[in-house]
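Here are the chains, one letter per residue:
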Amino acid sequence: MNIKAQIDPATEIRAQARPTNLKSGMETLAQFAQEAARIEDALDRLADLTGPDAARSVARLKAQLQAFEPCVTLLGQVKSGKTSLINAMAGWSDLLPSDVNPWTSVVTSLHLAPASRRAETGARFRFMTEEEWDRLTVKGGRIGELAGRAGAEGELEKIRHQIDAMRDKARARLGRNFELLMGQEHDYGFFDKNLLERYICLGDDFDAGGADDGVEDQGRFADITRSADLFLNCQAVPFRMCLRDTPGVNDTFMMREMVTIKAVRDSRICVVVLSAGQALTSVDMALIRMISNLQSRDMVIFVNRIDELPDPVAQIPEIEESIRQTLRDHDGPAGAEIIFGSAAWANTVLSGELEDLDSASSRALIAWTQASLKLSENNESPANIVWEMSGLPALWQALSGRIVTNLGTPCLAGIARPAITLATSQEAAASVEVQGETFSDGIGADELRAQMDRTAQEALAALESDLDAILEEYRARASRAHETFVDRATHSLLEHLERRGSDVMWEYDPAGLRILLRSAWSVLGRRLRKAAEARYEEAVTAAAGVLYRGFGPAVEGIRLGVPDVPEHPAPVALAQTIALDFNDSWWASWWRRTRGYKAFAKQFRQLIIGETEDFMIQMTDVQTRDIRADILGGLGAFFDQQQDILKELGAGAQGRSDVGALFDSGDEQGRREALKSALATLERHAA
């Protein structure tokens, strides 16, 4: 595959080696981008047809559309090639450094904007808060907390020694600025490799005395960086999106696990990256627990590094079956889509270095290509063929479908429905203008707005009451499951010691607790949706009643859409590792050293309660608080729009000239046609 390389000065990529099928697999996403552009154009036309009051609602809808940025989170095994894969997905082989030190717990988010040429446009780096740093360096992270509760002082001392070295190194790098940086952020109008290495890659050499001299030492801030947001124009994507690179889940102090769980919680679509040489085994239980709490429609498994397989044709089917068996054994998502590929092949094509593939990788590529493609019928260039074999087109096809189905289509529908309400209110406003100052029931504008306010308050109060009752019942159910689990685990251990003694390893699988909580979470989602839908529908009816009381038959043509109920998120907090997930010698030594069953039982209960407390708080308080706020926010936004419509109609009733001018005789036909056209576009997406 020797290809004559030519340098493209605009991109510094070897142009002849660059694939022309870089957007293969993104056809669905490209079509969505066109639909989103049509919706935005319809909103612009609608804004021209409304008065200033309704225009505020149109502006909010347009801002909502422009802020829509589907996010794909990559998670997986450390050294599975997540960063190399994310570089290939961005079409930029050397974008992110792929040798991040395992101690670094940075979530790196690439915010991609479609463009004809690639360019870095900005970067934001956020640092840990004092609380986050203290949890890592004082308590020793999750592992340290666990060891401390279990009384494993020897192991805890080892962890503290490692942490002390990490803390001393961070202070040496940053000097007196160390405390001042906690919780802060640094913003840049650019980024490059040196800047990234300064914030997210730990280096071995640094000048301890140069923390304040402006020298850009490698890894200077990496110890305390919590997240990195990079903004860039990208040739590879047809619609803006975020690719989020997580640090993994199997690190020494479980800080990676904590930040990865949070990143997954904030994302609806995930790519689980595995290494073909390691696949998925019981060693990866933290990752398996993460996968088990996701729906197959929300995730794709990408098995990377098939370039390292000596016989990919024979090994890939075996690896796939092994992964599926592991998922079955651990209650993973049925029917998960599994894609095989090589980020290394993709990045080799992007960098124009096909001729530099080593012999083993070349043999694997040729074998996999011959088994997958009918080369005699294929006239593609070598670069295009390798890009296809890398698995990137298949991955993008899977992701594009999920982005559009799970996120994009609901987003457009959620914007189109209230926009239709605003559009249909315009003719009503013009009709009301003819009536002059007389309202339907003689109600003044101030009283009418007060009625809408009372209606909104009553609807929100009723919804709050329903949500609080459902959430309280859920918390009680989750607490009962938790208490039952602790009782059973304690009883099981005591029974084991009585019957088999302390020389035989005791194990107790916490999967039962997770299954019970997952079931309770699923029931919660169904109940919340049902209650929200009912209250949303009641609110629409009540708001329509206020409009009719004020303006009579003139408003019958306004189409009030029922707001969308926010999606119920996955219970990813259940993936957090707890004490019973370990079988390490120090965990076993704790219960072997303990004497006195009564004291032992009490101490064991405290250990398990302490270990499960964090994810119980996440499940019963943190995630539920966010869900409650989102549901109430949806109803609040609906009533904000009704107030804008009410003001528009009220202006017409008072004979305001700008409302009447919307459909004046001189330009009436043109405005009606423009409104009809905007409505037609919106109606196609409102279903």
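Predicted, not measured: the structure shown is a model, and the values here were computed from it. (Residues numbered from 1 in each chain as written. Predicted model: local features only at pLDDT ≥ 70, side-chain atom pairs only at ≥ 80, totals over all residues. Heavy atoms only, no water.)

## A closer look at the overall build of the chain
Quick note on the threshold: Numbering of helices and strands starts at the N terminus; helices are DSSP runs of H or I of at least 4 residues and strands are runs of E of at least 2. For this analysis, residues touch if any pair of their heavy atoms sits within 4.5 Å.
A tally of helices and strands in the chain yields 21 helices and eleven strands. A sequence separation of at least 24 residues applies to 83% of the contacts in the chain between residues at least 6 apart.

## Section: the packing of helix 13 (residues 359–372) against helix 14 (residues 382–389)
Defined as follows: Fitted lines through C-alpha atoms give the axes, limited to the stretch in contact for helices. The angle between two N-to-C directions lies from 0 to 180 degrees. For classification purposes, an angle smaller than 35 degrees is called roughly parallel, one larger than 145 roughly antiparallel, one from 65 to 115 roughly perpendicular, and anything else oblique. In this classification, the charged set is Asp, Glu, Lys and Arg, the nonpolar set is Ala, Val, Leu, Ile, Met, Phe, Trp, Tyr, Cys and Pro, and all remaining amino acids, among them Gly, are polar.
Taken N-terminus to C-terminus, the directions of helix 13 and helix 14 make an angle of 85°; their axes are 10 Å apart at the nearest point. Taken together, the axes of helix 13 and helix 14 lie roughly perpendicular to each other. Residue-level inspection shows Leu365, Trp368, Thr369 and Ser372 of helix 13 in contact with helix 14, the latter providing Ile385, Val386 and Met389. In the contact of helix 13 with helix 14, the residues fall into five nonpolar, two polar and no charged.

## Looking at the packing of aromatic side chains
Our working definition: Two rings from Phe, Tyr or Trp (for Trp, the six-membered ring) form a pair when their centres sit within 6.5 Å of each other. Planes less than 30 degrees apart are called stacked, planes more than 60 degrees apart edge-to-face, and all others tilted. Partly exposed describes any residue whose relative accessible area lies between the buried limit of under 20% and the exposed limit of over 50%, with all areas from a 1.4 Å probe on protein chains only and scaled to the type maximum.
Evaluated as defined, the whole model comprises twelve aromatic pairs. Their ring planes at 45° and their centres at 6.0 Å tell us that Phe68 and Phe239 sit as a pair that is tilted. With Phe68 in the loop between helix 2 (52–67) and strand 3 (71–76) and Phe239 in the loop between strand 7 (225–234) and strand 8 (241–245), the pair connects residues that are 171 residues apart, well separated along the chain. Each ring, one from Tyr474 and one from Trp521, has its centre 5.9 Å from the other, and the planes form 70°; the classification is edge-to-face. Placement of the pair is Tyr474 in helix 16 (residues 445–500) and Trp521 in helix 17 (residues 511–551), with a sequence separation of 47 residues. Judged on exposure class, the residue Tyr474 and its partner Trp521 are both buried. Chaining the aromatic ring pairs together yields one cluster made of Phe125, Phe127, Tyr188, Phe190, Tyr199 and Phe221.

## Section: the environment of Asn233
For Asn233, the position within the fold is in strand 7. Residue classification places Asn233 among the partly exposed residues on the basis of a relative accessible area of 25%. As a C-alpha pair, Asn233 and Ser116 span 117 residues in sequence and 8.1 Å in three-dimensional space. Those residues in contact with Asn233 that lie beyond four places of it in its chain are Trp92, Ala113, Ala115, Arg117, Arg118, Ala119 and Thr121.

## Let's talk about the sheet that holds strand 7
Note the following rule: A pair of strands counts as paired when DSSP detects no fewer than two bridges linking them.
The nine strands are arranged 6-5-7-4-8-3-9-10-11 in an open sheet whose pairing can be described as mixed. Strands with a single pairing partner mark the edges of an open sheet, and in this sheet they are strand 6 (185–188) and strand 11 (337–340). Along the sheet, successive strands turn relative to each other by an average axial angle of 20°, direction set aside.

## Some details on the nonpolar core
Short version of the rule: Put simply, buried Ala, Val, Leu, Ile, Met, Phe, Trp, Tyr and Cys residues joined by side-chain atoms within 4.5 Å make one nonpolar core.
Counting residues in hydrophobic clusters, the biggest one holds 143 residues, and the most contacted among them are Leu85 and Leu110. Ranked by the residues each element gives to this core, the list is headed by helix 15 (residues 392–435), at 18 residues. By size, the runner-up hydrophobic cluster in this structure holds 39 residues, among which are Ala279, Leu327, Ala383 and Val572.

## Some details on unusual backbone geometry
Glycine aside, negative phi is the norm for most residues, and most peptide bonds take the trans geometry. In this structure, Ala279 takes a positive phi of about 50° despite not being glycine. As for its position among the elements, Ala279 is in the loop between strand 9 (269–275) and helix 10 (285–292). What makes Ala279 buried here is its relative accessible area of 9%. The backbone phi angle of Arg305 is positive, close to 65°, even though this residue is not glycine. Tracing the backbone through its elements, the reader meets Arg305 in the loop between strand 10 (299–304) and helix 11 (312–329).

## Structural notes on the pattern of salt bridges
Heads up, the condition is: Salt bridges are defined as contacts in which a side-chain nitrogen from Lys or Arg sits within 4 Å of a carboxyl oxygen from Asp or Glu.
For the coordinates displayed, the defined rule picks out 30 salt bridges. Asp446 serves as the salt-bridge partner of Arg449, at 2.6 Å between the closest nitrogen and oxygen. Taken together, the residues span about one helical turn, with Arg449 and Asp446 both in helix 16 at a distance of three residues. You can call Arg449 partly exposed: its relative accessible area is 28%. You can call Asp446 exposed: its relative accessible area is 59%. Through salt bridges with shared partners, a single network forms among Arg124, Arg126, Glu185, Asp187 and Asp229.

## A word on helix 12 (residues 343–351)
With seven of its nine residues buried, helix 12 lies for the most part within the structure. Immediately downstream of helix 12, the backbone of Gly352 shows phi near 70°, a positive value.

## Overview of helix 10
When you tally the buried positions in helix 10, you get seven out of eight residues, the bulk of the element. The set of residues buried in helix 10 consists of Ala286, Leu287, Ile288, Arg289, Met290, Ile291 and Ser292.

## Focus on the confidence of the model for the chain
To keep it simple, the criterion reads: A residue's pLDDT is the predictor's confidence in that residue, given on a scale from 0 to 100.
Averaged over every residue, the pLDDT of the chain is 80; the share at 70 or more is 78%. With pLDDT under 50 throughout, residues 1–16 is counted as low confidence; its partners more than four residues away or in other chains account for 31 contacts. In the model, residues 202–216 has pLDDT below 50 throughout and makes 33 contacts with residues more than four positions away in sequence or in other chains.

## As for the side chain of Ser227
Position of Ser227 among the secondary structure elements: in strand 7. In contact with Ser227, not counting residues within four places along its chain, are Val106, Val107, Arg124, Phe125 and Arg126.

## A word on the environment of Gln576
Within the element layout of this structure, Gln576 appears in the loop between helix 17 and helix 18 (585–593). C-alpha of Gln576 to C-alpha of Phe615: the two residues are 39 residues apart in sequence and 6.7 Å apart in space.

## Side note on the packing of helix 3 (residues 82–89) against helix 12
Rules: Two helices crossing with the near one rotated counterclockwise from the far one by less than a right angle form a left-handed crossing, whereas a clockwise rotation gives a right-handed crossing.
Running from N to C, helix 3 and helix 12 cross one another at 40°; their axes reach a closest spacing of 9 Å. Classified by the angle their axes make, helix 3 and helix 12 are oblique. In this structure, helix 3 crosses over helix 12, and the sense of that crossing is left-handed. Residues Ser84, Leu85, Asn87 and Ala88 of helix 3 pack against Ala343, Ala346, Asn347 and Leu350 of helix 12.

## Description of the pairing of strand 5 (residues 119–127)
With eight bridges joining them, strand 5 and strand 7 adopt antiparallel strand pairing. Its bridge partner lying in strand 7, Phe125 is registered against Ala228. As paired strands, strand 5 and strand 6 are joined by four bridges and run antiparallel to one another. Looking at strand 6, one finds that Ala123 is bridged to Tyr188.

## Considering the state of the cysteines
Note the cut-off: Two cysteine sulfurs form a disulfide in these notes if their separation is within 2.5 Å.
With the rule as written, the count across this model stands at zero disulfides. Left unpaired, Cys270 is separated from the closest cysteine sulfur, that of Cys71, by 8.4 Å. For Cys270, a relative accessible area of 1% translates into the label buried.

## Quick notes on the side chain of Ser425
Of note, Ser425 is situated in helix 15. Among the residues examined, Ser425 registers a relative accessible area of 1% and is labelled buried. Setting aside anything within four residues of it in sequence, one finds Ser425 in contact with Ile558, Ile645 and Leu649.

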